[in-house]
Protein chains: 2
Amino acid sequence: MSAFSEDTAVEPAGEGRWRGELTDRWQTPGGTPNGGYVLSVSARAMAAALPHPHPASITGHYLAPPTAGPVELEVEVVRAGRRHSTATCRLLQDGREVLRSLATFTDLSRADGPTHVAEPPPPLPPRDECKRISGGDYPDAPALLQRFDWATPEEFLGFMRGEKSGRGVNGGWIRFADADETDPLAPVLLADAFAPPVFNLEGVTIGWVPTVELTVHVRKLLRPGWLRGWFRTSFLTNGYLEEDGQIWDDEDDVVALSRQLALAPRPPRPDADT
Amino acid sequence: MSAFSEDTAVEPAGEGRWRGELTDRWQTPGGTPNGGYVLSVSARAMAAALPHPHPASITGHYLAPPTAGPVELEVEVVRAGRRHSTATCRLLQDGREVLRSLATFTDLSRADGPTHVAEPPPPLPPRDECKRISGGDYPDAPALLQRFDWATPEEFLGFMRGEKSGRGVNGGWIRFADADETDPLAPVLLADAFAPPVFNLEGVTIGWVPTVELTVHVRKLLRPGWLRGWFRTSFLTNGYLEEDGQIWDDEDDVVALSRQLALAPRPPRPDADT
């Protein structure tokens, strides 16, 4: 069982209830479990309650910072139809609701209809021209980074050395440390795994980018191996920003589209330590 | 009171409950109330229940076709914080749930933080080079069209005369028939008011495009007068499509971003009349 599947597993805990655990293996540089990871656990509980396995669209609203540890999940089946089914999920820690989600599931293996893709895959250089980071090589890095292998164009890493690209873009090659990961819920995590593209904009502090809402549309079952992520923030207005994501696979197909509403990091206050 | 404000009004009907009415003034060519309009009524009920007036992010999942007539709304306040508050809403007709929504509200007049906009306004020709359609001139048109004045580039109307542009794009100038409309919830309707851009793709039937899920991020309070809408479908895969929208105002500011997951129209079946 892959780390992702293991760490998003839920077990029944009564009518419409599940129990799970946020492990410490998906922590962000800020020290909290990644928001896409937390949403994946909710997706797992909804998948358990619904007749369809794949989230065609899942939205989470973040209510309080999560911490590693047990979670309780309460799922309400809103509608169960032939082609789609809809549910909501409350994810709680110590009785406090951390995440409310709403999703419509389907069976993507039975999706049927026209295909017309107008956008090319992300304009990434080949992997061997990118900065390669094998998460396992950096045992002191935030846990989330260790769960993946990365191949990232140097441009997008500029913010880490104080050389911002000036473009609200981040992207790169990504592969689960479990390289054969095919869990169909994994795109929900991938949609939130990259560093926020807003970090590459001048005048934006590097710091916590609180997600207000994250929506992921899963379009295709996951294939093992390398994927490509492409994330853009085009509209930062009065501290609010969207982050639009694409995940592509090695067949040049889009696996998932995502959008989140988030808040720009707050500049450190001069009196923060008083 | 504007038609939009009047037709989205709700009145209290007990603890966490509201009553409203879907009028026949926002019907689509298919004869049902527009999905953005129905979501606006839910937004109105949530705004009534929450301490913040503006939907920073609102998501609706469409469960059954709406009809003109009375609706009941059940709102649950999920969290009420200082800067944001979150609610869900069930919208029912004759006891059947039509729309489930989840939203986080804020007070946009107090939004505070950096601004950095990377995308230019939509590349639209001036209004006097567009096809002008004053909804009021076409009393037999679907009601939704009559509620607006439109100025649309001929390119985007090609699908109506069997000359598809081949691009999954639609856009144009739009103004409420109540030209001074400033209801802050109106962008929720505007995000779904344009003809689906997928109509301009070859091989796609012109027909009902069922919305699975619609999310709108409102960024700015509405100003009276002309707005610009820009809608794109870049990924139609196995019958699923996203429709990404932007609404801009006459100060060249983005008022709202939207994305919906929808289904491509089904081709008419040869045996449909048997």
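Please refer to the structure higher up on the page.
Residues numbered from 1 in each chain as written. Chains lettered and ligands numbered in written order. Predicted model: local features only at pLDDT ≥ 70, side-chain atom pairs only at ≥ 80, totals over all residues. Heavy atoms only, no water.

**Student:** How do you make sense of unusual backbone geometry when you look at a structure like this?
**Tutor:** Leave glycine aside and you will find that most residues have negative phi; peptide bonds, for their part, are mostly trans. Residue and element names in this part refer to chain A. Unlike most non-glycine residues, N238 shows phi in positive territory, near 50°. Here N238 is to be found in the loop between strand 13 (235-237) and strand 14 (240-248). Looking at N238, the relative accessible area reads 33%, which means it is partly exposed. For D252, which is not glycine, the phi torsion reads 60° and is therefore positive. Summarising the element assignment, D252 is placed in the loop between strand 14 and strand 15 (254-263). (Helix = DSSP H or I, 4+ residues; strand = E, 2+ residues; numbered from the N terminus. Buried < 20%, exposed > 50% of the residue type's maximum accessible area, 1.4 Å probe, protein only.)

**Student:** Help me out: how do you make sense of the pattern of salt bridges in this one?
**Tutor:** Charged atoms that come close allow side chains of opposite charge to pair. Residue and element names in this part refer to chain B. By the definition in use, this model includes 46 salt bridges over all chains. Salt-bridge contacts for R223 lead to D250; the nearest nitrogen and oxygen are separated by 2.8 Å. With R223 in the loop between strand 11 (211-218) and strand 12 (227-232) and D250 in the loop between strand 14 (240-248) and strand 15 (254-263), this residue pair connects regions lying 27 residues apart in the sequence. Its relative accessible area of 29% is what places R223 among the partly exposed residues. (Salt bridge = Lys/Arg side-chain N within 4 Å of Asp/Glu carboxyl O.)

**Student:** Just to check I follow, could you spell out the relation of the copies chain B and chain A for this structure?
**Tutor:** When chain B is fitted to chain A, the best match, at an RMSD of 0.0 Å, comes from turning it 180° and sliding it 0.0 Å along the axis. The operation mapping one copy onto its partner corresponds to a two-fold rotation axis. In this assembly, 100% of the residues forming the interface of chain B have copies in chain A that are likewise at the interface, indicating an isologous arrangement. (Least-squares fit on C-alpha atoms with pLDDT ≥ 70 in both. Contact = heavy atoms within 4.5 Å.)

**Student:** What should I look at first to understand the packing of aromatic side chains in this one?
**Tutor:** Within a pair of aromatic rings, the relevant descriptors are the distance that separates the centres and the angle that separates the planes. Residue and element names in this part refer to chain A. For the coordinates displayed, the defined rule picks out 22 aromatic pairs over all chains. Centre to centre, the rings of W150 and F194 are 5.3 Å apart; their planes meet at 85°, and the pair counts as edge-to-face. Of this pair, W150 sits in strand 9 (residues 148-152) while F194 sits in the loop between helix 4 (186-190) and strand 11 (211-218), and the two are 44 residues apart along the sequence. With respect to burial, W150 and F194 carry one shared label: buried. Note on F194 and F231: the rings are 4.9 Å apart at their centroids and 35° apart in plane angle, and the pair reads as tilted. Of this pair, F194 sits in the loop between helix 4 and strand 11 while F231 sits in strand 12 (residues 227-232); the two residues are 37 residues apart in sequence, bridging distant segments of the chain. Both residues of the pair, F194 and F231, belong to the buried class. The rings of F4, W26, Y37, F148, W150, F176, F194 and F231 are connected pair by pair, giving a single aromatic cluster. Directly above the ring of W173 sits R127, whose terminal nitrogen or CZ lies 4.8 Å from the centroid. A cation over an aromatic ring shows up here: R147 above the ring of W26, its NZ or CZ 5.6 Å from the ring centre. (Phe/Tyr/Trp six-rings, centres within 6.5 Å; stacked < 30°, edge-to-face > 60°. Lys NZ or Arg CZ within 6 Å of the ring centre and 35° of its normal.)

**Student:** Before we go on, may I ask you to explain the interface of chain B and chain A in this structure?
**Tutor:** Note on interface size: it is often stated as the accessible area lost on association of the parts. In this complex, chain B contributes 56 residues to the contact, which on the side of chain A involves 56 residues. Across the chain B to chain A interface the summed buried area is about 5200 Å²; carbon plus sulfur atoms make up 56%. Seen at the junction of chain B and chain A, the total is 4 salt bridges. Measuring nitrogen to oxygen at the nearest pair gives 2.9 Å for the salt bridge that ties E76 of chain B to R100 of chain A. Between chain B and chain A we count 38 residue pairs in polar contact (both at pLDDT 80 or more) in total. Among the residues making up the side of chain B that touches chain A, the classes are represented as 21 nonpolar, 22 polar and 13 charged. Note that strand 7 (residues 116-117) of chain A and strand 13 (residues 235-237) of chain B share 2 bridges and pair antiparallel. Opposite V117 of chain A, over in strand 13 of chain B, you have F235 of chain B as the bridge partner. (Buried area = accessible area lost by both parts, 1.4 Å probe. Polar contact = N/O pair within 3.5 Å; in protein donor to acceptor, adjacent residues only side chain to side chain. Nonpolar A, V, L, I, M, F, W, Y, C, P; charged D, E, K, R; others polar. Pairing = 2+ DSSP bridges.)

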